[in-house]
Each structure stands twice: as C-alpha cells, then as structure tokens.
Amino acid sequence: MSGTIATAAGPVRLIGDNATPIWGMTNAERCRRLAESAGKDGAAVAPGHELLFNLDFVFDPMLLREVLGQPGLVFAWNGVPVVGQAPQGRDPMTASVVDLADGRKLYNRQLRKLEQPFVRDLTPATRREIERRSYFGAYKGVTDLLTKYLWPELALWLTRGAASIGMTPNMVTAIGAALCIYATYLFAHGQYWTGMLAGFIFMVLDTVDGKLARCTITSSKWGNVADHGVDLIHPPFWWYFWGVGLGSWGLALSTQTFALVMVGVIAGYILQRVIEGLFLKDFGMDIHVWRRFDSDFRLITARRNPNMAILFVALLAGRPDVGLVALAWWTVISLAVHTVRLAQAYRTHRSGRPIVSWMEEPVP
C-alpha cells in the first residue's frame, strides 16, 4: 500500500502496508479519511511538503491537526515516524521530530482535555484494544457526570455494533431525534417512566452518533448541525411538558407556581447558553475549561443529563412535581454561578492578565 495519494489536504505518503481492519475499514482508508476531513475543514499541506502516515500505527487525530499547523513536524514512537508533515522526498526523521514515547501530554482543545496522545501499533491482537482506546479518546474531558461515567461502556458496545453494520452517524441521530420527540409526548401525558426510558436511550444515542462520527471519520456539516440542533432545542420542551404531565398524577402545580418554574427553567437555560457564547466569543474557549473549578462544575451544571438525574430521583420518591421545582432552582443556581464566572473573567482580562485554560498552563 506504500505510495502517494492526493487528498483534499494535499499529497499524502503512506508508509508500509497493513491489512488489519479498524472500525470496519483499513488503516489506509482511515488515514485517507482523516486527510480528507482536515482538507474540508480548511487545513492544507505547506508547499513542498507532504503528509506521511505510517500504516503500522493508529494515532490520535489531534496529532494530524498539530502537524498540519506546523510544517516540518513529525511525531514518532520510539524512533519510528508515525504521522507528520515533512519536506517531499526527504527522510522524515531529519525533520523536527517529537517522540511521544516519552509520555508527554498535549492539550486537546477540540475535546477539552490534557492527555498523552494515543499511539499504538495495529495488529490483529491489538485491534480491539485500539478501537476501545480510540473510542474513549473521542470523549470530551469536560462534560457531565452521566456522559463521563455512566454511558461509556454501553455507548462503546452500540458504536461498535453500528460501525459493523455500516450505520452512519446521521442514521443514529435520526433514531435519537425520533425517541426525543416520543419522550416529549410521554412526558406531556404523565407517562414518566416510559418517557424516562425513551429519553435514556436517546441520551445514550446522543453520545453514540458523535463517537461513531469521530471513530469512523464520517462527520458531516449537516450531521453536526442536526446533532447539535436537537441537543440545543429540546431540553426546555422536555421540562415544559413534564410540568404539563403532572396533572395526570394529580400533582399539577398552581398557575403561578408553574409560570415561575418555567421562567426559571427556560430563561435560566437560555441565559446560560448566552453566557457560554459570550465567553467563547470574547476569550476563544469554552467557559468550562477556564479554571479547574469550572471543569468540575460542568459535571453537575444544569444541563439535560444532570437535570434528568434530578427528575429520576424525584420520580423514585413519587414526587415528579418536587423534581421539577428542584430542577428550576438548580437552573437558577447554575445561572448565578456562570454569571459570576463571566464577570470574573472580564475583570481578570481588564487587569491585563490572560484568560488561559488551566489545562494549557505549564506544569510547575
């Protein structure tokens, strides 16, 4: 398989050959997809250079982003080149080589985590381990408790199954969206346990579609819009129709209380999103990666998954009405925390100090 191929990012030189499949494709196909995806995102090989991929290895996609941003950079493993952007026709080991076998960590801005990039030799004996490592490598380092600790093993099993039968991320997103709508209907009629089950499956599939896209390098612009669009829009509808469904349990909130709860839930949700957008616009990074406190608070902040945990506990106690009121209070508290953090960031910036993620700061 050795040779040079043309991709959207520029010329690619494949080193060696490897028939061992990874996520239902050859390593050569995986590398081609990585280069094509990078090219479609606007990355390009510098004039007089070429990308090189060693087919004996599977590596973290963040390494490709790094080498595309630094012509002449080659990542190696124990003295063997793995991926790089080297001058055409030159020995890649004469370029600027970074050997990752020394255990160094790099900050993955896209997934908001500081870690040692994954590099592993691909053989039939290591394939399953590599799929597992690459799957977990696609997880965001800063997210909620359920996504970080409860979903992963189930979502891995589903992601492998979807890849093995050729399902695309968009298919998974479509199934999840249908379940999301069904859960909304069930909540509106007070069928909370069935709605919880539909919502639970949707929440897991919401993890699967993204991991499937990253692991099989099949993400698309419209798929990303659909996935994030559903994520962004549906939570307030769930909380509203949960409140509507309380009447079926004889626990309907008074008109005034229901209005106040909805103001807290919906306005709090929207304003938190606005604050996150302002932080990203003004400081170029997610608010939840600024200080370690922000990353820890993201585990429990009033997003869909933590809110569903609140409702689940309340439902176990037979008081879905109390769960909705508690959800509203937690949303308001989370909004207050985000408001204070945004104000503190602006004050820090005005004092002349840089706003830098704690994961990007040098280790003392």
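Our subject is the structure listed above.
Below is a summary of the structure that appears in this document. Values in this document were obtained by computation on a predicted structure and should not be read as measured data. Position numbers for residues count from 1 along each chain, tracking the sequence in the order it is written. The predicted origin of the model limits local features to residues at a pLDDT of at least 70 and limits the giving and counting of side-chain atom pairs to 80 or more, whereas totals for whole chains, interfaces and linings rest on all residues. Excluded from the side-chain calculation are hydrogens and water; included are all heavy atoms of the structure.

Points about the overall build of the protein
As a reminder of what qualifies: The numbering of helices and of strands both runs from the N terminus, where a helix is a DSSP run of H or I of at least 4 residues and a strand a run of E of at least 2. Remark: exposure states derive from per-residue accessible area (1.4 Å probe, protein chains only) relative to the maximum for the residue type, with buried under 20%, exposed over 50%, and partly exposed in between. Any two residues whose heavy atoms approach within 4.5 Å are treated as being in contact. For accessible areas, the Shrake-Rupley method is used with a probe of radius 1.4 Å. Any residue's cover is judged against the shown protein chains and nothing else. Note that His is not counted, nor are the chain ends; the positive residues are Lys and Arg, and the negative ones are Asp and Glu. The atom standing in for a charge is NZ when the residue is Lys, CZ when it is Arg, CG when it is Asp and CD when it is Glu.
Within the protein, the secondary structure is distributed over twelve helices and ten strands. Here the C-alpha coordinates of the protein stretch approximately 75 × 55 × 30 Å along the principal axes. The 364 residues of the protein split such that 49% are buried. For the protein, restricting intrachain contacts to residue pairs at least 6 apart in sequence, the fraction spanning at least 24 positions comes to 70%. In the form shown here, the protein has an accessible surface area of approximately 17,000 Å², with 63% of it arising from carbon and sulfur atoms. Counting 35 positive and 29 negative side-chain charges, the protein places the averaged centre of each group 4 Å from the other.

Observations regarding the packing of helix H9 (residues 255-283) against helix H12 (residues 320-350)
Put simply, the rule is: Between the N-to-C directions of two axes lies an angle of 0 to 180 degrees, each axis being a line fitted to C-alpha atoms and, for a helix, fitted only over the stretch in contact. Any angle that is under 35 degrees is reported as roughly parallel, and any over 145 degrees as roughly antiparallel; angles of 65 to 115 degrees are reported as roughly perpendicular and all others as oblique. Take the far helix as your reference; a near helix turned counterclockwise from it by less than a right angle gives a left-handed crossing, and one turned clockwise gives a right-handed crossing. Residues are grouped as follows: nonpolar covers Ala, Val, Leu, Ile, Met, Phe, Trp, Tyr, Cys and Pro; charged covers Asp, Glu, Lys and Arg; every other residue, Gly included, is treated as polar.
Taken N-terminus to C-terminus, the directions of H9 and H12 make an angle of 25°; their axes are 8 Å apart at the nearest point. The angle between H9 and H12 places the two elements in the roughly parallel class. Seen from above, H9 lies across H12 with left-handed handedness. For the contact of H9 with H12, a count of residues per class yields 18 nonpolar, eight polar and two charged.

Describing unusual backbone geometry
The backbone of Trp 23 shows a phi angle near 50°, a positive value even though the residue is not glycine. Structurally, the position occupied by Trp 23 is in the loop between strand S2 (10-15) and helix H1 (27-40). The backbone phi angle of Asn 78 is positive, close to 50°, even though this residue is not glycine. With respect to the secondary-structure elements, Asn 78 resides in the loop between strand S5 (73-77) and strand S6 (80-87). With a relative accessible area of 59%, Asn 78 lands in the exposed category.

Focus: the sheet that holds S5
Put simply, the rule reads: Two strands pair under a simple rule: DSSP has to find at least two bridges between them.
In space, the six strands of this open sheet follow the order S1-S2-S3-S6-S5-S7, with mixed pairing throughout. Pairing within the sheet leaves two strands with one partner each, and these edge strands are strand S1 (3-7) and strand S7 (96-99). Each strand axis lies, on average, 25° off the axis of its neighbour in the sheet, ignoring direction. Together, S1, S2 and strand S3 (49-54) form the strand contacts of H1, whose direction differs from that of S1 by roughly 40°. Running at roughly 30° to S6, helix H2 (residues 61-68) makes contact with S3, S5 and S6 of the sheet.

Regarding the pattern of salt bridges
The line we're drawing: The salt bridge definition used is simple: a Lys or Arg side-chain nitrogen within 4 Å of an Asp or Glu carboxyl oxygen.
Counting across every chain of the model gives 15 salt bridges. For Arg 132, the salt bridge identified is with Glu 153, shortest N-O distance 2.4 Å. Taken as a pair, Arg 132 in helix H3 (residues 127-137) and Glu 153 in helix H5 (residues 152-164) lie far apart in primary sequence, 21 residues in all. On the basis of relative accessible area, Arg 132 is assigned to the partly exposed category, the value being 34%. Of the residues examined, Glu 153 reaches a relative accessible area of 45% and is grouped as partly exposed.

Remarks on helix H6 (residues 169-188)
Condition: How far a helix is expected to stretch is found by multiplying one less than its residue total by 1.5 Å.
If you check H6, its first and last C-alpha atoms are 29 Å apart, about what 20 residues at 1.5 Å a residue would give, namely 28 Å. Listed as buried for H6 are Pro 169, Val 172, Thr 173, Gly 176, Leu 179, Cys 180, Ala 183, Thr 184, Leu 186, Phe 187 and Ala 188. One or two residues past the end of H6 sits Gly 190, with phi positive at roughly 75°.

A closer look at the packing of H3 against H5
Where H3 contacts H5, the axes come no closer than 11 Å and their chain directions differ by 120°. The angle between H3 and H5 falls in the class oblique. For the crossing formed where H3 meets H5, the hand is right-handed. Of the residues in H5, those in contact with Arg 128, Glu 131, Arg 132, Tyr 135 and Phe 136 of H3 are Pro 152, Glu 153, Ala 155, Leu 156, Thr 159 and Arg 160. In terms of residue class, the contact of H3 with H5 is built from five nonpolar, one polar and five charged.

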